[in-house]
Amino acid sequence: MDRRLLTVLLGALAVIGVAVAVGAFVGGDASSGSTAGGSSTTTTTGPPASTTSSTTTTTRSSTPSEARRLSTVRTINGDISPKSVVASGKGLVSAQNMMYRHSVTVYDADGNLVSTIPDSVDLAAFGVTGHPGVSKGSPVEAAYSKDGRYAYVSNYSMYGAGFGPEGSDECQAGDGTSESFLYRIDMRTYRIDAVAAVGAVPKYVAVTPDQRYVLVSDWCSFALSVVDRATMREVKRIPLGPYPRGIAVAPDSSRAYVAVMGTRDVAVIDLRSLTTSWIRNVGGGPRHLVIDPTGRWLFATLNKDGQVIKVDTSSGTVVGRVATGNQPRSMDISPDGTALYVVNYESNSIAKVRTSDLAVTQTVPTGVHPIGITYEPTTDRVFVAIYTGAIVVLADA
């Protein structure tokens, strides 16, 4: 009797073990085929044979960024031509693909495609007159609200009824170049849900930390558009001179710094009074700006001089310079403020720079013409936009 009972119990346990194993296998296969965000579109990503496959990273390093090393994880290809990549801070990264693809592509933190958002809009549906029918944009840069709910995307040029000459980098204020629009994208639905009229050929976008304003540099209007984030209306346009581009905002939202690329100067905007002062003669072609978490140190790429500079914001004094490569353009700063990540457009590389002394600690080759870069903080990864049609993802570990 006892021996028969033991045999029955062992048989039952074997059946249960097989069922559990089969269930685990099927469940794992189903989850591996899913993508973040729900409404996935055609997948355009995949690691090349020479790189490691992407995996979900949940543990962040406690090592200061300045002491870590960059290594390539994967390359994203597909129907993209990214001018910029921007991390939401909440696990998503968007690529702005200009008029070449008329889209914004959204990826999870591992580089898997979540959604492709077309830049087509019916402006009349947003109360805008003079542009009947469907218009198209050309997404160039983006910035996110603090909670990651909204992405604000600038459009280099607009296409459709009522729009005049196409935007161009070669322009003068008031030359007839059509003014453009800033889009707001709801990152829960991946749809454009609001627009704001801004100047001609808008480029960089920044959301103030207090969430009050969205700031847009209007390249061909020689101005900065100040957009009320709550109403999505431009409340002031501040003249700056030829070719404003990069924007950095003090952590306390008291000031915004704007690189005016056609000069040697950086504008300082008092965000309470919306008045302007200047940091003069920082170098040739200031293009991109980032500010450290304390607000004390401002960093700028000098596209013409091939340098990155460090500015003491308390005095407006340039305290350091370093050559990183040919035509340094965009850059980002690590969350702990100890490292910069700089794209060198004509050198086909990125440079990692220690912020304390501006020492270049690493140079990594990329594809042809790296143009945009962003630090994804939930995984400590760096995404690099390659203008010729790819995104390179690197681990900072």
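Now for a description of the structure that goes with this document. (Residues numbered from 1 in each chain as written. Predicted model: local features only at pLDDT ≥ 70, side-chain atom pairs only at ≥ 80, totals over all residues. Heavy atoms only, no water.)

### What to know about the overall build of the protein chain
Selection criterion: Each helix is a run of DSSP H or I of at least 4 residues and each strand a run of E of at least 2, with the numbering of both proceeding from the N terminus. Under the scheme applied here, a residue whose accessible area is under 20% of the maximum for its type counts as buried, over 50% as exposed, and between as partly exposed, the area being computed with a 1.4 Å probe on protein chains only. In this description, contact between two residues means that some pair of their heavy atoms is separated by no more than 4.5 Å. All accessibility values rest on the Shrake-Rupley procedure with a 1.4 Å probe; residue burial counts only the protein chains present in the view.
Within the protein chain, the regular secondary structure consists of two helices and 30 strands. Burial statistics for the protein chain: of 397 residues in total, 55% are counted as buried. Here the analysis covers contacts within the protein chain between residues at least 6 apart in sequence; of these, 48% occur between residues at least 24 apart. When the accessible surface of the protein chain is split by element, carbon and sulfur atoms take 53% of a total near 16300 Å².

### Description of the nonpolar core
The criterion, for reference: Residues enter a nonpolar core if they are buried and are Ala, Val, Leu, Ile, Met, Phe, Trp, Tyr or Cys, with the set joined through side-chain atoms within 4.5 Å.
Ranked by internal contacts, the top residues of the largest apolar core, which has 27 residues, are V85, Y107, W219, F383 and I391. Looking at this core, the elements that each hand over two or more residues are β2 (84–87), β3 (92–96), α2 (98–101), β29 (381–386) and β30 (390–396).

### Description of the side chain of S84
Rule in force here: Residues adjacent in sequence count toward polar contacts only when both atoms are side-chain atoms; beyond that, a polar contact is any pair of N or O atoms within 3.5 Å, and within protein one must be able to donate a hydrogen and the other to accept it.
When you line up the elements, S84 lands in strand β2. Side-chain polar atoms of S84 contact the side chain of Q96, separated by 2.8 Å. Residues in contact with S84, not counting those within four places in the same chain, are S94, A95, Q96, V140, E141, A142, G372 and A385.

### Some thoughts on the packing of aromatic side chains
Selection criterion: Here the aromatic set is Phe, Tyr and Trp, taking the six-membered ring for Trp, and pairing holds for ring centres within 6.5 Å; pairs whose planes are under 30 degrees apart are stacked, those over 60 apart are edge-to-face, and all others are tilted. Whether a charge sits over a ring depends on NZ of Lys or CZ of Arg being within 6 Å of the ring centre and within 35 degrees of the ring normal.
Applying the stated criterion across every chain yields a total of six aromatic pairs. Considering the side-chain rings of Y100 and Y387, the 6.1 Å spacing of their centres and the 70 degrees angle between planes classify their relative orientation as edge-to-face. Of the two residues, Y100 is situated in helix α2 and Y387 in the loop between β29 and β30; the sequence distance between them amounts to 287 residues. Among the residues examined, Y100 registers a relative accessible area of 44% and is labelled partly exposed. Members of the aromatic cluster, each reached through a chain of ring pairs, are W219, F222 and Y243. Its guanidinium or amino end placed over the ring of W219, K203 lies 3.9 Å from that ring's centre, counting from NZ or CZ. In this structure, R329 packs its charged tip against the face of Y345, placed 3.7 Å from the ring centre.

### Side note on the pattern of salt bridges
A side chain of one charge can pair with a side chain of the opposite charge when the charged atoms of the two come close. How we decide: For salt bridges, the criterion is a side-chain nitrogen of Lys or Arg within 4 Å of an Asp or Glu carboxyl oxygen.
On inspection of all chains with the given rule, the structure shows 16 salt bridges. Notably, a salt bridge pairs R381 with D110, separated by 2.8 Å at the nearest N-O pair. Here the residue R381 occupies a position in strand β29, and D110 occupies one in the loop between β4 (103–108) and β5 (113–118), the gap between them amounting to 271 residues. Taking the relative accessible area as the measure of exposure, R381 reaches 6% and is therefore buried. Here E141 ties to R245 by a salt bridge, and the two come within 3.2 Å at their closest N and O atoms. With E141 in strand β8 (residues 139–144) and R245 in strand β16 (residues 244–249), this pair connects stretches of sequence that are 104 residues apart. R245 sits in the buried class, given a relative accessible area of 1%. Sharing partners across several salt bridges, the network here consists of R68, K352, D380 and D396.

### Overview of the state of the cysteines
Going by this rule: Criterion for a disulfide: a pair of cysteine sulfur atoms within 2.5 Å.
Tallied over the full model, the rule gives one disulfide. The disulfide bridge from C171 ends at C220, spanning 1.9 Å between sulfur atoms. One disulfide, between C171 and C220, carries an S-S torsion of -90 degrees and so falls in the left-handed class. Pair noted here: C171 is in the loop between β9 (150–155) and β10 (179–186) and C220 is in the loop between β13 (213–218) and β14 (223–228), with a separation of 49 residues, a long-range link. C220 sits in the buried class, given a relative accessible area of 2%.

### Side note on unusual backbone geometry
The phi dihedral of H102 falls on the positive side, at around 50 degrees, and the residue is not glycine. Backbone geometry places F222, a non-glycine residue, at a positive phi of 55 degrees. Structurally, F222 is set in the loop between β13 and β14. With relative accessibility at 13%, the residue F222 sits in the buried group.

### Examining the environment of S71
Structurally, S71 is set in strand β1 (residues 70–76). Each C-alpha atom, one on S71 and one on R381, is 9.4 Å from the other, the two residues being 310 residues apart in sequence. Ignoring any residue separated from it by four or fewer positions in sequence, one finds S71 in contact with V393, L394 and A395.

### Points about the sheet that holds strand β12 (residues 202–207)
Within a sheet, each strand pairs with its neighbour through backbone hydrogen bonds, oriented either parallel or antiparallel. Cut-off, in case you're wondering: Here the rule is simple: two strands pair whenever DSSP picks up at least two bridges between them. Fitting a line to C-alpha atoms yields each axis, with helices limited to the stretch in contact; the angle taken between N-to-C directions then spans 0 to 180 degrees.
Taking strand neighbours across the sheet as the criterion, the four strands line up as β12-β13-β14-β15 in an open arrangement whose pairing is antiparallel. Only two strands of the sheet have a single partner each, and these edge strands are β12 and β15 (233–239). Direction aside, neighbouring strands of the sheet carry axes that sit 20 degrees apart on average. Relative to β15, β14 runs antiparallel, the two being bridged by six bridges. Bridge assignment links S225 to a residue of β15, and that residue is R237.

### A short note on the sheet that holds strand β27 (residues 360–365)
The antiparallel open sheet is built from four strands, whose spatial order is β24-β25-β26-β27. Looking along the sheet, the strands with just one partner apiece sit at the ends: β24 (328–333) and β27. With direction set aside, neighbouring strand axes in the sheet form an average angle of 20 degrees. Inspection of the sheet shows β24 paired to strand β25 (residues 339–344) by four bridges, in the antiparallel sense. Its bridge partner being in β25, M331 is matched across the sheet by V342.

### Section: the pairing of β29
Summarising burial for β29: six of the six residues are buried, a large majority. Going residue by residue along β29, you find R381, F383 and A385 tucked away on one face and V382, V384 and I386 tucked away on the opposite face as well. Taken together, the six bridges between strand β28 (residues 370–376) and β29 define a ladder with antiparallel strand orientation. Bridge pairing in β29 links P370 to I386. Hairpin connection from β28 to β29: four residues lie between these consecutive antiparallel strands, with D380 at a positive phi of about 55 degrees. Judged from the six bridges that link them, β29 and β30 form a sheet pairing that is antiparallel. The partner of R381 across the bridge, within β30, is A395.

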